[in-house]
Amino acid sequence: MLAAMSLPPTTTPSGDETPVRGRDDACPGALRLHPADDGSLARIRVPGGLLTARQALALGRVAEELGDGRLDITSRGNLQVRGLDAGCGAELAARLRAAGLLPSDRHDRVRNIVASPLSGLDGEGHADVVAWVRELDAVLCDDTPAGGGELSGLSGRFLFALDDGRGDVATLGADVTLIATRDGGAVLWVGGPPPGPDVPSPSTAGTAHPDAAARRGSRTAGSAAGGGLRVRGEDAPRAAALAAVEFLAKAGESGTRAWRVRELPARHAVTTEGLAARLADAGVEALPVEHEPAARATPPAPGPVPGPNGRHALSVALPLGRVSAAQWRLLAGLASRSGAAELRMTPWRGVLLPGFAPEDTRGALSELSDAGLVTTPDSPWLGVGACTGRPGCAKSLADVRADTARMVADTARAAADRARGTSGTARAAANAAGVDAGGAKPWPVSGTPYGGGPAGPDPLPVYVSGCERRCGHPGGHWVDALATGDTDYRVTVRGAGGDTSEADSSDSVDVTAEQLAGAVAAARGTT
């Protein structure tokens, strides 16, 4: 139950069945704490991942004084604090309100917004979507958003994505997606990644899993009519909120208590025509648009990111998405020193620090690296994920985080050995497991495609799970390392046909934790 007790935005249920929910979703929030084996867990929504340095420092104190001294970034750019005392809810809420992180108690869990993290920082994209984030968050917390409707009824799993046109967060399978266009407008999609052969949009949005989108075509909004809806840029946040209102209306009609748009039965789907009518009633002009393919963007690689104004942002990855309070204080302190006093968390469990003078980047990155954070694009930590595992989760069969750390260390040693022309730990482990790691690429081990690393673009993500639920696993094509016992794992390549959990074939390798690095390296060689 780590940074994603709820499924990540890229995970889609297999098959065409329509689930009928017998209860509301159990996603934790800042006010709804979740009991775990290591204490209570709070998930703090941070729309767009946007924090001021002051808010970041306040969160660090929360983790240190109320929790276990660590913070987890989730796959939606939110924060989790673990190890909380069950009776600390009132104090936690008071601290979050004082920091401006809990604007509405009733809407705590519905403020799930991901946004292009580099928007406005690197001169790419077609709009700075930070303003959209602020406006959409305000509309979500309003009891009567424009067009009518109460949005506190949204599931804690419902997701909004605001893409500045580069096509990064448009691929995350959100329920409602806005994509900025070159003409200052936006395209609104409902129900998942926009369909198309690569990245379908009138601009540069993208999808990594077109097959899955096609399978859902009969049940999703824009794809049912072959496209999305074009709206004016100034209307985009209201349009996104109204799309959520339309979803709630359809979910009510269906009687399924659906949590996500993709769960709606076909006869109650959110359609382009129905959504356009709702927008028109609210005074929002919306025109149907067809999709066209475009290249998809990759997440920001660790290191300096030059901006058009002579300032640099620093991109930092967090091993397994987790930081200590001391590491978090360093991030917040550097954010204050940069002059921007801002910190942006990414859906890829990283952090961006804007506003640095070019001459200050080297020293800041050195501090971050010395503190154990990832600051270069050749790190073996990139793209490696794991659930919480033991001891935090009672359902986990193994301490997956310790085993994942060992896997990464073995991979790094193998890469060093290979560079020296010797065999390595990973090769020996792979041979012992009956697999051949000879052609596998070690840098990075896996991950969302950062590009630019020695392994080349698009290495497979690797996710280590403690039980069959695989909480937080990536979508698309990925390497699944599933614990089958205290020190045993089954390694399988999954999801080549879309964003389901289905394996590519019956070929799985059973290994020990010591052999995990070699087996995973071999599995990555199937790309």
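Nothing here was measured: the structure is a model prediction, and the numbers come from that model.

Basis of the calculations
Residues numbered from 1 in each chain as written. Predicted model: local features only at pLDDT ≥ 70, side-chain atom pairs only at ≥ 80, totals over all residues. Heavy atoms only, no water. Axes fitted to C-alpha atoms, helices over the stretch in contact; angles between N-to-C directions. Helix = DSSP H or I, 4+ residues; strand = E, 2+ residues; numbered from the N terminus. Parallel < 35°, antiparallel > 145°, perpendicular 65-115°, else oblique. Contact = heavy atoms within 4.5 Å. Nonpolar A, V, L, I, M, F, W, Y, C, P; charged D, E, K, R; others polar. Pairing = 2+ DSSP bridges. Salt bridge = Lys/Arg side-chain N within 4 Å of Asp/Glu carboxyl O. Buried < 20%, exposed > 50% of the residue type's maximum accessible area, 1.4 Å probe, protein only. Disulfide = S-S within 2.5 Å. Arc of directions from axis to C-beta. Phe/Tyr/Trp six-rings, centres within 6.5 Å; stacked < 30°, edge-to-face > 60°. Left-handed = near helix turned anticlockwise from the far one by under 90°.

## As for the packing of helix α8 (residues 325–338) against helix α9 (residues 358–370)
So, step 1. Closest axis-to-axis distance for the α8/α9 pair is 11 Å, and the angle between their directions is 170°. Comparing their axes, α9 and α8 come out roughly antiparallel. Where α8 abuts α9, its residues Leu330, Leu331, Leu334 and Arg337 lie against Ala364, Glu367 and Leu368.
So, step 2. The residue inventory of the contact of α8 with α9, partitioned by class, reads five nonpolar, no polar and two charged.

## Overview of the sheet that holds strand β17 (residues 384–386)
So, step 1. As summarised here, the arrangement of the five strands in space is β17-β18-β19-β20-β21, forming an open sheet in which the pairing is mixed. Each edge of the open sheet carries a strand with a single partner, namely β17 and β21 (509–512). Each neighbouring strand pair of the sheet contributes to a mean axis angle of 25°, computed without reference to strand direction.
So, step 2. As judged from the four bridges shared by strand β20 (residues 488–494) and β21, these two strands associate in the antiparallel manner. Looking at the pairing, Val491 lines up with Val509 of β21.
So, step 3. Those strands touched by helix α10 (residues 400–419) are β17, β18 (462–465) and β20, and its axis lies near 165° from that of β17.
So, step 4. Its contacts with the sheet place helix α12 (residues 516–524) against β18, β19 (478–483), β20 and β21, and it is angled at close to 10° to β20.

## Observations concerning the pattern of salt bridges
So, step 1. Inspection of every chain in the model, using the stated rule, returns 27 salt bridges.
So, step 2. With a closest N to O distance of 2.8 Å, Glu65 and Arg95 form a salt bridge. Taken together, the residues Glu65 in helix α1 (residues 53–65) and Arg95 in helix α2 (residues 89–98) connect sequence positions 30 residues apart.
So, step 3. The partly exposed category is assigned to Arg95, whose relative accessible area is 24%.
So, step 4. Residues Glu91 and Arg95 are paired through a salt bridge, measuring 2.9 Å at the closest nitrogen-oxygen approach. Of this pair, Glu91 and Arg95 both sit in helix α2, four residues apart, roughly one helical turn.
So, step 5. Bridged by salt links that share partners, the residues Arg232, Glu234, Asp235 and Glu285 form one connected network.

## Some words on the state of the cysteines
So, step 1. What the rule picks out here adds up to zero disulfides.
So, step 2. Between Cys393, a free cysteine, and Cys467, which holds the nearest cysteine sulfur, the sulfur-to-sulfur gap is 5.8 Å.

## With respect to α9
So, step 1. Those residues of α9 that sit buried are Thr361, Ala364, Leu365 and Leu368. Taken down its axis, α9 places every buried residue within 105° of arc, on the same side. Counted as exposed and oriented over 90 degrees from the buried face of α9: Glu359, Arg362 and Asp370.
So, step 2. As for α9, its buried residues are in contact with β12 (303–306), β13 (312–317), α8 and β16 (350–356).
So, step 3. Directly after α9, the chain includes Gly372, whose backbone phi takes a positive value near 95°.

## Remarks on the environment of Asp68
So, step 1. Along the chain, Asp68 falls in the loop between α1 and β4 (70–73).
So, step 2. Between the alpha carbons of Asp68 and Leu84 there is a distance of 6.9 Å; along the sequence they are 16 residues apart.
So, step 3. Once you skip the residues sitting within four places of it in the chain, Asp68 turns out to touch Ala63, Arg82 and Gly83.

## So, the packing of aromatic side chains
So, step 1. Evaluated as defined, the whole model comprises two aromatic pairs.
So, step 2. Their ring planes at 65° and their centres at 5.3 Å tell us that Phe158 and Phe160 sit as a pair that is edge-to-face. Here the two residues Phe158 and Phe160 agree in accessibility, since each one is buried.
So, step 3. Between Phe158 and Phe247 the ring centres are 5.0 Å apart and the planes differ by 40°, which places this aromatic pair in the tilted class.

## What about α2?
So, step 1. Those residues of α2 that sit buried are Leu92, Ala93 and Leu96. Seen from one end, α2 has its buried residues packed into an arc of 95°, which puts them on one side. In α2, those exposed residues whose orientation departs by more than 90 degrees from the buried face are Ala90 and Ala98.
So, step 2. Buried residues in α2 make contact with β2 (39–44), α1 and β5 (79–84).
So, step 3. Looking one or two places after α2, you find Gly100, whose phi comes out positive at around 75°.

## Brief notes about the pairing of β4
So, step 1. Direction of pairing for β4 relative to strand β14 (residues 322–324): antiparallel, over a ladder of three bridges. Considered in β14, the bridge of Arg70 is made with Ser324.
So, step 2. As judged from the three bridges shared by β4 and β5, these two strands associate in the antiparallel manner. Note that in β5 the partner of Ile73 across the bridge is Leu79.
So, step 3. The hairpin formed by β4 and β5 contains five residues between the paired strands, and Gly77 there has a positive phi angle of roughly 70°.

## Comments concerning the sheet that holds β14
What holds strands together in a sheet is hydrogen bonding between their backbones, with the strands either parallel or antiparallel.
So, step 1. Strand order in the open sheet formed by five strands is β1-β2-β5-β4-β14, with antiparallel pairing between adjacent strands. Only two strands of the sheet have a single neighbouring strand rather than two, namely β1 (34–36) and β14. Taken over all neighbouring pairs, the strand axes of this sheet differ in orientation by 30° on average, direction set aside.
So, step 2. The pairing of β2 with β5 spans four bridges and is classified as antiparallel. Within β5, the residue paired with Arg43 across the bridge is Gln80.
So, step 3. The strands that α8 touches are β4, β5 and β14; relative to β14, the one it contacts most, it runs at about 90°.

## A short note on the environment of Ser116
So, step 1. As for its position among the elements, Ser116 is in the loop between β6 (113–115) and α3 (130–140).
So, step 2. A residue is classified by how much of its surface remains accessible, and Ser116, at 3% relative accessible area, is buried.
So, step 3. On a C-alpha basis, the gap between Ser116 and Asp163 in space is 5.3 Å, while along the polypeptide they are 47 residues apart.
So, step 4. Every residue in contact with Ser116, bar those within four places of it in the chain, is listed here: Val129, Leu162, Asp163, Asp164, Arg166, Asp168 and Val169.

## Considerations on the packing of α3 against helix α6 (residues 236–254)
So, step 1. Contact pair α3 / α6: the axes reach a minimum separation of 8 Å and the direction vectors enclose 40°. Taken together, the axes of α3 and α6 are oblique relative to one another. For the crossing formed where α3 meets α6, the hand is right-handed. Within the contact between the two elements, α3 uses Trp132, Glu135, Leu136 and Val139 and α6 uses Ala236, Pro237, Arg238, Ala240 and Ala241.
So, step 2. A breakdown of the residues in the contact of α3 with α6 according to their chemical character gives seven nonpolar, no polar and two charged.

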